[in-house]
Amino acid sequence: MSQGTLTTPGAPPRRGGTVWALVLTSVAGFMAALDNLVVTTALPSLREDLGGALDDLEWAVSAYTLTFAVLLMTGAALGDRFGRRRLFLVGLTVFTGASAAAAMAPGIGSLIAARAVQGVGAAIMMPLTLTLLTAAVPAAKRGMAYGIWGAVNGLAVASGPLIGGSLTEHISWHWIFWLNVPLGLALLPLARLRLQESYGSGARLDLVGTVLASGGLFGIVYGLVRAPVVGWTDSLVLTGLFAGAALLAGFVRHGMSAQNPMLPMRLFRSRAFTGINLASLLMFLGMFGSIFLLSQFMQGVLGYSPTQAGLRMLPWTGMPMIVAPVAGILADRIGGRPVVAAGLLLQALGLGWFAAVVTTDISYAAQLPALIISGVGMGLYFAPAAHLVMSSVRAHEQGIASGANNALREVGGALGIAVMSSIFAAQGGYGSAQQFVDGIEPALWVGAGVVALAGIAALYIPRARRTPPEARGEQPERALQNA
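These numbers were taken from a predicted model, which means no experiment stands behind them.

Assigned secondary structure in the protein chain consists of 19 helices and two strands. In the protein chain, which comprises 483 residues, the share counted as buried stands at 59%. In the protein chain, the proportion of contacts linking residues at least 24 apart, taken out of those at least 6 apart, comes to 84%. Carbon and sulfur atoms make up 65% of the accessible area of the protein chain, which amounts to about 18500 Å² in all.

Applying the stated criterion to the full structure yields two cavities of 30 Å³ or more. Looking at the largest cavity, the residues that line it are Ala 33, Asn 36, Phe 68, Met 126, Asn 153, Val 157, Phe 284, Phe 288, Phe 382, Asn 406, Arg 409 and Glu 410. Residue assignment for the lining of the largest cavity shows that the elements contributing at least two residues are helix H6 (142–170), helix H11 (271–300) and helix H17 (398–427). Top element by residues in the lining of the largest cavity is H17. It accounts for three residues. Of the residues in the lining of the largest cavity, the class split is seven nonpolar, three polar and two charged.

Helix length check: helix H14 (residues 319–334), at 16 residues, gives a terminal C-alpha distance of 22 Å against a target of 22 Å (1.5 Å per residue), a fit within 8%. Along H14, the positions that sit buried rather than exposed are Met 319, Pro 320, Val 323, Ala 324, Pro 325, Ala 327, Gly 328 and Ala 331. Within two residues after H14, Gly 335 carries a phi angle of roughly 95 degrees, on the positive side.

Another point: a nonpolar patch on the surface. Taken together, Val 326, Leu 330 and Ile 334 make up a surface patch of nonpolar side chains, about 260 Å² in accessible area. Relative to the helices and strands, Val 326 resides in helix H14.

A few words on the environment of Phe 436. Topologically, Phe 436 is positioned in helix H18 (residues 433–458). Looking at Phe 436, the relative accessible area reads 5%, which means it is buried. Spatially, the C-alpha atoms of Phe 436 and Leu 293 are 9.4 Å apart, while their sequence positions differ by 143 residues. Among residues more than four places away in sequence, those in contact with Phe 436 are Leu 293, Gln 296, Phe 297, Val 301, Phe 424, Gly 429 and Tyr 430.

The next point concerns the pattern of salt bridges. Per the stated rule, a full pass over the model turns up one salt bridge. For Arg 115, the salt bridge identified is with Asp 35, shortest N-O distance 3.4 Å. Remark: Asp 35 occurs in the loop between helix H1 (17–34) and helix H2 (43–50) and Arg 115 occurs in helix H5 (residues 108–136); sequence separation between them is 80 residues. The pair formed by Arg 115 and Asp 35 is uniform in burial state, with each residue classed as buried.

Enumeration over the complete set of coordinates arrives at seven aromatic pairs. With 5.4 Å between their ring centres and 55 degrees between their planes, Tyr 64 and Phe 68 make a pair best called tilted. In this pair, Tyr 64 and Phe 68 both sit in helix H3 (residues 54–82), four residues apart, roughly one turn of the helix. A relative accessible area of 0% places Tyr 64 in the buried class. Accessibility expressed as a relative area gives 2% for Phe 68, which makes it buried. It is Arg 81 that lies over the ring of Phe 82; its NZ or CZ is 5.5 Å from the centre. Here Arg 312 stacks its cationic end above the ring of Tyr 304, 4.4 Å away from the centre of that ring.

What counts and how
- Residues numbered from 1 in each chain as written.
- Predicted model: local features only at pLDDT ≥ 70, side-chain atom pairs only at ≥ 80, totals over all residues.
- Heavy atoms only, no water.
- Helix = DSSP H or I, 4+ residues; strand = E, 2+ residues; numbered from the N terminus.
- Buried < 20%, exposed > 50% of the residue type's maximum accessible area, 1.4 Å probe, protein only.
- Contact = heavy atoms within 4.5 Å.
- Areas by Shrake-Rupley, 256 points an atom, 1.4 Å probe, with all protein chains shown as cover.
- 1 Å grid on protein atoms, 1.4 Å probe; cavity = no way out; pocket = protein on both sides within 12 Å on 5 of 7 lines; lining within 4 Å.
- Points joined across faces, edges and corners; volume = space filled by probe spheres on them.
- Nonpolar A, V, L, I, M, F, W, Y, C, P; charged D, E, K, R; others polar.
- Expected span 1.5 Å × (residues − 1).
- Patch = residues over 30% accessible without salt bridge, like charges linked within 9 Å, V, L, I, M, F, W, Y side chains within 5 Å.
- Salt bridge = Lys/Arg side-chain N within 4 Å of Asp/Glu carboxyl O.
- Phe/Tyr/Trp six-rings, centres within 6.5 Å; stacked < 30°, edge-to-face > 60°.
- Lys NZ or Arg CZ within 6 Å of the ring centre and 35° of its normal.

Structure, rendered in structure tokens:
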């Protein structure tokens, strides 16, 4: 098997393949992204029905994040080695089955276990959505395709708590998970028939890199999700953080010296690859933590029901559906760098605006500018960011590039919830509406600052070249090193 992105020999072209790939990968990505935060607003109902202490309820959220973040790069590597469509179907099957198990969970322990298995399925499925989409869409149309894919994923991330709360309020918490089952069952045969099989490099699976990356990410993410519950000085938290950091350092060293590593460290010689991954890490750090607290603020302080909160959040959560496709077209014309940077700086402005005006009785009119600005910023970020990730590496490295970027996003999200929850707890708390405001205000300022740093990191990305390296007679690897 030669180097490059390879399709199944003799496979007939599928009519409407681009549209089908866009629909299937977007819906699958929506399912995986939605389940990051969809449980947060259902925790009181879960406790009432299933019992369990506060720590158990936290794990109903964190078990998914943990396995999802830890196995993303492994899922991408397996897809490159054994077939991206094949592993996509495996991941989708695991995710759908685990969703049904979560919906039928008789106790909190079985729910946590099902959530962990859900994360495994999502980790296999999610990075392959982007590589399968890239393989199916002509280069000239990828901006628009990434725009739609990014809009759907952005909507899922931002609206997870609200969708979960609305389903819990009007039906039951079980439907948070049952929602995935018909979607998964519909996607499975369609993906088998409509998606083209493709492979990455023909190299063997990097077992050493897989163990180092998975172990390191497990330690880091475990420490981050436990720290807000038991404190940053807890022995298990410190052990996880230090052991995880040591394993990731070994992973970096391995990636520099091994012949065919899971994640070649030479990719980071590319300013484009380094810049967009740093921006993604910081973006999700600031955004996840902010959404986690704002969804609670709207219901716990302002007294909105989950449905009312969802409707009022539409200028933020729904805006990417309008803006992201336009952002994809802009990225095709002027390059992704200025669009991503503008989106991140607008997102930072929106969070800062909210921090400046937040009070216990803030009117919706006062919230609206912050929500609109944040929504536009999110929409401008997602589509060009995907494009920049996939265009910053060679074709046969796109699978692991997508996995690495998604892993950094998940780590950023876990870090954001941990850090901003700690700031919230140190400055305020849940005791009263004013205490909540006292805690959320500094947390939102930190979130705004972190997302602004993401915008600065995006400016580190080099300007797009009008002529591709191959057209200039330059080897792609050399062009990446010179970027």
